[in-house]
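Commentary on secondary and tertiary structure
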Amino acid sequence: MTDPVGKLPSELDQLPDRDSEETAEWAASLDAVTQHAGPHRAAYLMRRTLQHAEAAGIPVPRLLETDYVNTIPTAAEPAFDGDEALEARITAWNRWNAAAMVTRGSRLGVGGHIATFASAAWLYETGFNHFFQGKERDGSGDQIYVQGHASPGIYARAFLDGRLSEAHLDRFRQEAGGEGLPSYPHPRRLPWLWEFPTVSMGLGPLSAIYQARFNRYLHNRKIKDTSASHVWAFLGDGEMDEPESTAALALAAREQLDNLTFVINCNLQRLDGPVRANFKIVQELEAQFRGAGWNVVKSLWGSAWDELFQLDTTGALLRRLREVPDAQFQTYATRDVAYIREHFFGTEPALSELARVIGDAKIAECFYTSRGGHEARKVYAAYRAALSHKGAPTVILAQTVKGHTLGKGFASKNANHQMKKLTVDEFKCMRDLLELPIPDRAFDDGLVPYGHPGEDAPEVRYLHERRAALGGPAPARRVHSVALPAPEERAFATLEKGSGKQEMATTMAFVRLVKDLMRDKETGRRWVPIVPDEARTFGMESLFPSAGIYSPLGQTYEPVDRDQLMYYREAKDGQILNEGITEAGSMADFIAAATSYATHGEPMIPFYIFYSMFGWQRTGDQMWQLADQLGKGFIVGATAGRTTLTGEGLQHADGHSHLIAATNPASLNYDPAFAYEIAVIVKEGLRRMYGENLPGEDPNVFYYLTVYNEPKPQPAMPEGVTEGIIRGLYRFKEGVAASPDSPRLQLLGSGTAIHWALEAQELLAAEWGVTADVWSATSWGELRRDALEADAALLRGEQRTPYVTQALSGAPGPVLAVSDWMRQVPDQISQWVEQDWSSLGTDGFGLSDTRPAARRHFGVDAQSVTVAALAQLARRGEIPASVVKEARERYGL
């Protein structure tokens, strides 16, 4: 609704005006300025007034955008405490070797990226020379998330500092034979160098926020003093389009994570062209981050622009910079000065007059190369501002030219992301530009040489001195092996003895186990429970008052349920990370906790519990990130299965997460049927990930368990089943033969499906005279993994029989497998089962109904298992086909 003159109502219309005459005077003053000095002057005065009010602490809304200039004026830049000449030489060598490495690799077709590091070189070099804390002092050092496509520059620096050789550089993207360098930051492939995998794009910024938050979590819980650690995330402006890149900005501001800095390399280009062709990505990002509560520092223009800004007495230059879209500015960097004079300065008289007094060389410098991200002093000032700002995280928007110093064939070209090499002539031009002492004869064989000034050269000595002063080399990953003691047995014994007549869902059994483990004197405080706002669904509310929910502010309110036993308690030293409705944030929490043993030298034991449908399906990319980063812990898909979670229907019915999980080599996947199986699996997981390892055993794994919300009596643990539980299969209940010649078969069930198999075992014996043995298949995935390893051993000339083949060896009759998952889950092991094989599962879309109705719909209930078993025997000629027909009719199938 509008008033008669078309004015939209605002919140100010709801506030009393105590002095309307004064208000009118202010409005008249603004009108007068607009009339006599123009709207630009009026807008300037309004911005300065708001800026002054903000500095004075007057509560007014913040401006979301500022002018398209550097936040820190040249006159306000801090003193530079380094040797600019030597740092320029170091950067030149690193630029050269990064380009040489990719170009040499391109001869073999392995590719690589040159242009990203070329634009961002000073963003990294300034950090390495002055800011990034290493790990060789007390504490954990800084955590550095390197932009994935800039990895050649990091390798080039490691070559200069002596950590890599020419042979290493020549094996860039050639890892199969060992000693190769992965294409992107990858801890699993190069675990002494890389800490954080940052490709897929978007996961780096999300993880950096939660890493900074987890640093505070460790500090507030008094596990590790992380007050000196700072998290740096280097990102591309195109990468900010990923939804994960901005998903947690509000959390970082809300929790005042001033231990976090984003450095966004704004070269205005993504992989195929401009990031915001018709708009301005820097202004968009500034508004986005300011709106979320971040401190924003813009470093856009190099010192060559200072003269232009001083001559801009009318503000025309600032207005023009704000209005030119990014794609056009990119074009200026590729066209001649005459074009720039006509199309940039020729748009209004004030700009034409400004351009008249500027020489062509100055215009060329400004528009071709002079950017804030290309000058050490500008970058240094931005980093100092970030570290000195308290109470909020900082984002630095640094403008650069993609392909800077690589020549006009690369700089600002749309295709430069796909350009993998320079010619010899282009390298010679680059050499001359960078003033490197590489003679022409070094190119005689047609192969671009690597460059190194020598171990005793001033550049190398300076590099080592700067890194020594900052705490050692960076990036660097360090693992201090700390074996945690095994928890006391009584926590596991509770589940191993069973529940008697009491019914208990396996979800509740897992939660009960972890609650007991969190009380362990030695390791209890290292558990990190993570849940995305469903703790009450999983029966975890009893942890609220005892363990507390982590909040950096503690609890500033009186909870509505304060008088109840299990009230909602937040605490600064709270142990639970209750993330709200964000599976991506919860997984980022998990990754930070799961890798704390390396990042901070403090092993933590995270368990992340969630609706199983919303784990691998929703955040599977982060599960791979977890594996890449060598994370450890327990991921728990609760309320699992396609028919067990009653009423919720298709969107909640998980019948496939074990298939997705099976694709991840670091994930050990279990579908336990009973509480005691959970106890055995968790105990084994703690030993393998955090205790003493067996010879040849990889501790850098994580466990995925699916647990169910269907209450069932939990039996006591039988004798001699531990190995079978861990390896994936054991016989739970042997069938009693009705007669010596009765037909016999084997029923394999996982998770809650074992109850259908046990009921079918009774039906087969009582009504059809068939004997069935029931096996608990705790892990189809581990059975397959073992079988694949046996196949690989065979290729090496070693004779190994897969465990599943051994376990079922001699078992009479066919095998029928059943689960609450798609048939492909148990079918993973079919080729290593010597008996006739068939399976039942919940293929198709889920649906809402009662458990019995859903199971009948999918054909996995006890009666369906019975008929399928009889059909197997009939196909083998062991019973008449008429028996199958009779059974179908009796059970109404």
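See the structure shown above.
Given the structure is predicted, the values throughout are model-derived calculations rather than measurements. (Residues numbered from 1 in each chain as written. Predicted model: local features only at pLDDT ≥ 70, side-chain atom pairs only at ≥ 80, totals over all residues. Heavy atoms only, no water.)

A look at the sheet that holds strand β11 (residues 605-611)
- Pairing is parallel across the open sheet formed by six strands, whose spatial order is β10-β7-β11-β12-β14-β13. Where the open sheet ends on each side, the last strands, each with one partner, are β10 (577-578) and β13 (667-670).
- Pairing analysis gives two bridges linking strand β7 (residues 527-531) to β10, with the strands arranged parallel. For valine 531, the partnering residue across the bridge sits in β10 and is asparagine 578. (Pairing = 2+ DSSP bridges. Helix = DSSP H or I, 4+ residues; strand = E, 2+ residues; numbered from the N terminus.)

So, the pairing of β13
- Along β13, one buried face is formed by Ser667 and Asn669 and the opposite face, lined by Leu668 and Tyr670, is buried too.
- Taken together, β13, helix α27 (residues 675-690) and strand β14 (residues 702-706) constitute a β-α-β crossover, and its handedness is right-handed. (Buried < 20%, exposed > 50% of the residue type's maximum accessible area, 1.4 Å probe, protein only. Right-handed = clockwise from strand over helix to strand, strands pointing away.)

Quick look at the sheet that holds strand β16 (residues 730-733)
- Taken together, five strands build an open sheet; the order of strands is β16-β18-β17-β19-β20 and the sheet is mixed. Two strands close off the open sheet at either side, each with one partner strand: β16 and β20 (837-840). Ignoring which end each strand starts from, the neighbouring axes of this sheet average 30° apart.
- Sheet analysis places strand β17 (residues 744-749) next to strand β18 (residues 771-776), joined by six bridges and oriented parallel. The partner of glutamine 746 across the bridge, within β18, is aspartate 773. (Axes fitted to C-alpha atoms, helices over the stretch in contact; angles between N-to-C directions.)

Some remarks on the pattern of salt bridges
- All told, the structure shown has 53 salt bridges when counted by the stated rule.
- For the salt bridge of glutamate 684 with arginine 687, the shortest nitrogen-to-oxygen distance reads 2.8 Å. With glutamate 684 and arginine 687 both in helix α27, this residue pair falls three residues apart, about one helical turn.
- Residue classification places glutamate 684 among the buried positions, given a relative accessible area of 16%. (Salt bridge = Lys/Arg side-chain N within 4 Å of Asp/Glu carboxyl O.)

Topic: the layout of surface pockets
- One number sums up the size of the largest pocket: a volume of about 1500 Å³.
- Considering the residues around the largest pocket, the lining is formed by 46 residues, among which Tyr44, Gln51, Asp67, Val69 and Leu318 are closest to the centre.
- Its residues assigned to classes, the lining of the largest pocket shows 18 nonpolar, 14 polar and 14 charged. (1 Å grid on protein atoms, 1.4 Å probe; cavity = no way out; pocket = protein on both sides within 12 Å on 5 of 7 lines; lining within 4 Å. Points joined across faces, edges and corners; volume = space filled by probe spheres on them. Nonpolar A, V, L, I, M, F, W, Y, C, P; charged D, E, K, R; others polar.)

Remarks on the packing of helix α7 (residues 203-220) against helix α23 (residues 583-594)
- Two elements in contact, α7 and α23, have axes separated by 8 Å at closest approach and are oriented at 60°. Relative to α23, α7 is oriented oblique. Every pair of crossing elements has a handedness; the one defined by α7 and α23 is right-handed. Mapping the contact onto sequence places Leu206, Ser207, Tyr210, Gln211, Arg213 and Phe214 in α7 and Ala584, Gly585, Ala588, Asp589, Ala592 and Ala593 in α23.
- Along the lines of polarity and charge, the residues of the contact of α7 with α23 split into seven nonpolar, three polar and two charged. (Parallel < 35°, antiparallel > 145°, perpendicular 65-115°, else oblique. Left-handed = near helix turned anticlockwise from the far one by under 90°. Contact = heavy atoms within 4.5 Å.)

Considerations on helix α19 (residues 458-469)
- With 12 residues, α19 ought to run about 16 Å at 1.5 Å a step, and its terminal C-alpha atoms sit 16 Å apart, in line with that.
- Listed as buried for α19 are Glu459, Val460, Tyr462, Leu463, Arg466 and Arg467. In an axial view of α19, the angular spread of the buried residues amounts to 160°, which keeps them on one side of the axis. Projecting away from the buried face of α19 at angles above 90 degrees are the exposed residues Glu465 and Ala468. (Expected span 1.5 Å × (residues − 1). Arc of directions from axis to C-beta.)

A closer look at the pairing of strand β3 (residues 260-266)
- Most of β3 sits inside the fold, with seven of its seven residues counted as buried.
- Here β3 shows two buried faces, one formed by Leu260, Phe262, Ile264 and Cys266 and the other by Thr261, Val263 and Asn265.
- Pairing geometry for strand β2 (residues 231-236) and β3, over six bridges, is parallel. Paired with alanine 233 across the bridge in β3 is phenylalanine 262.

The quantities given are spatial measurements derived from coordinates; they are silent on function.
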